[in-house]
Amino acid sequence: MSQQNFRSILTGSFSTPCDDNPTVAMIEAAYRHHDIDARYINCDVKAENLKDAVAGARAMEWVGFNCSLPHKVAVIEHLDELAESARIIGAVNCVSIRDGRLIGDNTDGKGFLASLKQVADPSGKKVLLLGAGGAARAIAVELGLASAAHITVMNRDPKKAETIAALVRDNTSAKADVQAWDGEASAPEDVDILINATSIGLGDADAMPPLKVETLRKGLIVADVIPNPPRTRLLHEAEGRGCTVLDGLGMLVNQGVIGVEHWLGKTLDAGVMEQTLKDIFGAA
């Protein structure tokens with residue numbers, strides 16, 4: 001009888017549509033790099049099939065999976081437990097399966113935070129956050145939990161921004177307020193970190209959030225959540241004015257690293273994952 005093991009560890013992602021999700025490429029590249037016998041299966045799961053997909057992952061003894069749109073909120077009712085940040089944010093993008101129990105977490109903000117900490121500690125910093133969608137919500141909560149001093153959420157709909165600001169105030173030590181995004185935004189002189197958490201620039205290297213570039217200054221950290229293109233126009237403009245810039249690749253890569261740490265207890269090589277994405281997106 002052969003002693004070889006022909007059973008791979010199963011991980012993956014549930015979303016729809018899923019065809020353009022590059023997470024499978026970067027994680028499987030890292031699995032191969034580390035000689036880990038695991039697979040990351042990119043699954044197109046329609047909303048009406050989410051319950052069955054989650055039950056199937058448990059039945060087939062997957063160790064975990066990611067959830068992307070439109071499942072980040074709907075998946076919660078199928079889980080046994082939520083991590084603190086996922087509970088506060090009200091959305092899950094990473095599920096671990098341990099002894100048959102499904103534990104939901106949100107690694108969106110954690111991925112951004114890990115990328116940010118490579119250049120600065122957010123503790124005590126003032127932040128201007130552009131946008132009030134899911135990414136902004138997750139980032140704001142994680143920055144608050146990391147002891148940011150103050151977060152201003154700027155959005156065209158101030159009510160959506162206030163929802164995020166209230167989450168930060170009610171669940172973290174950070175102060176938070178709202179500013180309506182009318183016309184071009186400005187980066188106040190006392191802000192340490194400016195984050196574009198909108199989709200402006202996704203797939204369009206010429207797109208630019210309405211922002212007065214002359215208010216970007218040396219010493220300001222400017223981050224963009226857009227992974228493709230990695231160097232958005234905002235980052236080019238900011239870099240040209242002496243800002244420290246962070247692209248969306250770091251956030252995406254670190255989400256993957258954190259997810260696999262939850263599932264396998266192993267830390268993947270972020271450099272391998274980032275280079276895989278750069279090859280896909282044609283970035284230098």
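Rules behind the numbers
- Residues numbered from 1 in each chain as written.
- Predicted model: local features only at pLDDT ≥ 70, side-chain atom pairs only at ≥ 80, totals over all residues.
- Heavy atoms only, no water.
- Helix = DSSP H or I, 4+ residues; strand = E, 2+ residues; numbered from the N terminus.
- Rg over C-alpha atoms; globule rule 2.2 N^0.38 Å.
- Buried < 20%, exposed > 50% of the residue type's maximum accessible area, 1.4 Å probe, protein only.
- Areas by Shrake-Rupley, 256 points an atom, 1.4 Å probe, with all protein chains shown as cover.
- Lys, Arg positive; Asp, Glu negative; His and termini not counted.
- Charge placed at Lys NZ, Arg CZ, Asp CG, Glu CD.
- Phe/Tyr/Trp six-rings, centres within 6.5 Å; stacked < 30°, edge-to-face > 60°.
- Arc of directions from axis to C-beta.
- Contact = heavy atoms within 4.5 Å.
- 1 Å grid on protein atoms, 1.4 Å probe; cavity = no way out; pocket = protein on both sides within 12 Å on 5 of 7 lines; lining within 4 Å.
- Points joined across faces, edges and corners; volume = space filled by probe spheres on them.
- Nonpolar A, V, L, I, M, F, W, Y, C, P; charged D, E, K, R; others polar.
- Domains from an automatic or database assignment.

### Remarks on the overall build of the protein
Check the secondary structure of the protein and you find nine helices and twelve strands. Computed over the C-alpha atoms, the radius of gyration of the protein is 19 Å, within 12% of the 19 Å expected from 2.2 N^0.38 for a compact globule of 284 residues. Here the protein holds 284 residues, and the buried ones make up 51% of them. Carbon and sulfur atoms make up 48% of the accessible area of the protein, which amounts to about 13,000 Å² in all. Of the charged side chains in the protein, 28 are positive and 38 negative; the average position of the first set lies 3 Å away from that of the second.

### Side note on the packing of aromatic side chains
Taken as a whole and judged by the stated rule, the model has three aromatic pairs. Among the aromatic side chains, those forming a connected cluster through ring pairs are Phe-14, Trp-62 and Phe-65.

### Re helix α2 (residues 50–59)
Among the residues of α2, those classed as buried are Leu-50, Ala-53, Val-54, Gly-56 and Ala-57. Buried residues along α2 cover an arc of 160° about the axis, so they all sit on one side. Turned more than 90 degrees away from the buried face of α2 sit Lys-51, Asp-52 and Ala-59, all of them exposed. Tucked inside the fold, the buried residues of α2 contact β1 (9–15), β3 (64–67), β5 (94–98) and β6 (101–105).

### Quick notes on the layout of surface pockets
Taken as a whole, the largest pocket holds about 1,200 Å³ of empty space. Ser-68, Leu-69, Lys-72, Asp-108 and Leu-252 are the residues nearest the centre of the largest pocket, which is lined by 42 residues in total. Among the elements that take part in the lining of the largest pocket, helix α8 (residues 248–264) stands out by supplying five residues, more than any other. Taken together, the residues of the lining of the largest pocket sort by class into 19 nonpolar, 19 polar and four charged. Formed jointly, the lining of the largest pocket draws a minimum of three residues from each of two domains, domain 1 (9–106 + 250–281) and domain 2 (110–246).

### Points about empty space enclosed by the protein
Applying the stated rule across the entire model yields one cavity of 30 Å³ or more. Computed from the structure, the largest cavity encloses a volume of approximately 30 Å³. Lining the largest cavity are Phe-112, Ser-115, Ala-223, Asp-224, Val-225, Leu-246, Asp-247, Gly-248 and Met-251. For the lining of the largest cavity, the secondary-structure elements that each account for two or more residues are α4 (108–116), β11 (221–224) and α8. When grouped by side-chain class, the residues that make up the lining of the largest cavity number five nonpolar, two polar and two charged.

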